[in-house]
Amino acid sequence: MSTEENKAIVRRFFEEGPSKGNLNIANELLSSDFTLHVPLPVSSGINGIKEVITSCRAAFEHLNVTIEDMIAEGDNVAARFTAHGIHKGDFMGLPITGKPITMTGIEIFRIKDGKIVELWGEANLLGLMEQLRNLSSPGNQD
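Owing to the predicted nature of the structure, the values given are computational and were not obtained by experimental measurement.

A. Geometry of the overall build of the chain. The helix and strand inventory of the chain stands at four helices and five strands. In sequence order, the secondary structure elements of the chain are arranged as α-α-β-α-β-β-β-β-α. Over its C-alpha trace the chain gives a radius of gyration of 15 Å, about what one expects of a compact globule, namely 14 Å for 142 residues. Here the C-alpha coordinates of the chain stretch approximately 50 × 30 × 25 Å along the principal axes. Expressed as a percentage of the 142 residues in the chain, the buried residues total 42%. For the chain, restricting intrachain contacts to residue pairs at least 6 apart in sequence, the fraction spanning at least 24 positions comes to 55%. Within the structure as shown, the chain displays about 7800 Å² of accessible surface, and the carbon and sulfur contribution to it stands at 50%.

Rendered as structure tokens:
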């Protein structure tokens, strides 16, 4: 597949999965031997990505994920994203704040034969915790 076709698969994944909550997209776009690498305690495989989508959408009302940049080479697609929502549910043990959130991250997808076979995800969870807990980072102290 071309890099543009691979990018279209990743774009569709973000639009349908995290942004709309369509869990069936995982069955459609992910390989049966899909491997997930994220810093969250989730199951392996396709069930893991469904858990990530479900828990994030339950925690953040009106969740919308926007792709800011996408770079593709060979079978790999890297996407830098920004997520926006309102904290209306439990997330990583934090009580509900009702605050709007903005979280950034980068995900790298490996695609084979038109299916996502691997995903590595890194998100700015410290920045998110700062927003939800009113923490200040070391550089923001007075």
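Having seen the model, we can carry on.
B. Focus on a nonpolar patch on the surface. On the surface, Ile106, Ile108 and Trp120 cluster together into a nonpolar patch covering about 250 Å² of accessible area. If you trace the backbone, tryptophan 120 turns up in strand 5 (residues 115–123). For tryptophan 120, a relative accessible area of 33% translates into the label partly exposed.

C. Highlighting the packing of aromatic side chains. Per the stated rule, a full pass over the model turns up five aromatic pairs. Both rings, one in phenylalanine 14 and one in phenylalanine 81, keep their centres 5.8 Å apart while their planes meet at 40 degrees; by these two values the pair is tilted. Of the two residues, phenylalanine 14 is situated in helix 1 (residues 3–16) and phenylalanine 81 in strand 3 (residues 76–87); the sequence distance between them amounts to 67 residues. Residues phenylalanine 14 and phenylalanine 109 carry aromatic rings whose centres are separated by 5.8 Å and whose planes lie at 75 degrees to one another, so their mutual orientation is edge-to-face. Within this pair, whereas phenylalanine 14 is found in helix 1, its partner phenylalanine 109 is found in strand 4 (residues 100–112), the two being separated by 95 residues in sequence. Residue class for phenylalanine 14 comes out buried when judged on its relative accessible area of 2%. A relative accessible area of 0% means that phenylalanine 109 is categorised as buried. Here the aromatic residues Phe13, Phe14, Phe81 and Phe109 are joined through ring pairs into a cluster of three or more.

D. Geometry of the sheet that holds strand 2 (residues 60–73). A sheet is described by the order of its strands in space; here five strands give the open sequence 1-5-4-3-2, paired in mixed fashion. Sheet topology places strand 1 (30–37) and strand 2 at the edges, where each strand pairs with a single neighbour. When strand polarity is set aside, the average angle formed by the axes of neighbouring strands in this sheet is 25 degrees. As paired strands, strand 1 and strand 5 are joined by four bridges and run parallel to one another. Counted as the bridge partner of leucine 30 is isoleucine 116 from strand 5. On the sheet, helix 1 packs against strand 1, strand 2, strand 3, strand 4 and strand 5 and is oriented at approximately 170 degrees with respect to strand 2. Packing against the sheet, helix 3 (residues 45–59) makes contact with strand 1, strand 2, strand 3 and strand 5, and its axis sits at approximately 60 degrees to strand 1.

E. Looking closely at the pairing of strand 3. Bridging between strand 2 and strand 3 involves 11 bridges; their strand directions are antiparallel. Residue glutamate 73 lies in a different strand from strand 3, and its bridge partner there is asparagine 76. In this antiparallel pair of consecutive strands, strand 2 and strand 3, the connection spans two residues, and glycine 74 shows a positive phi of 60 degrees.

F. Focus on unusual backbone geometry. Non-glycine residue histidine 62 carries a positive phi angle of around 60 degrees. Residue position: histidine 62 is located in strand 2. Note on histidine 62: relative accessible area 60%, which makes it exposed. Positive phi is not limited to glycine here, since methionine 92 has a value of about 55 degrees. Mapped onto the elements, methionine 92 comes out in the loop between strand 3 and strand 4.

Calculation criteria
- Residues numbered from 1 in each chain as written.
- Predicted model: local features only at pLDDT ≥ 70, side-chain atom pairs only at ≥ 80, totals over all residues.
- Heavy atoms only, no water.
- Helix = DSSP H or I, 4+ residues; strand = E, 2+ residues; numbered from the N terminus.
- Rg over C-alpha atoms; globule rule 2.2 N^0.38 Å.
- Buried < 20%, exposed > 50% of the residue type's maximum accessible area, 1.4 Å probe, protein only.
- Contact = heavy atoms within 4.5 Å.
- Areas by Shrake-Rupley, 256 points an atom, 1.4 Å probe, with all protein chains shown as cover.
- Patch = residues over 30% accessible without salt bridge, like charges linked within 9 Å, V, L, I, M, F, W, Y side chains within 5 Å.
- Salt bridge = Lys/Arg side-chain N within 4 Å of Asp/Glu carboxyl O.
- Phe/Tyr/Trp six-rings, centres within 6.5 Å; stacked < 30°, edge-to-face > 60°.
- Pairing = 2+ DSSP bridges.
- Axes fitted to C-alpha atoms, helices over the stretch in contact; angles between N-to-C directions.

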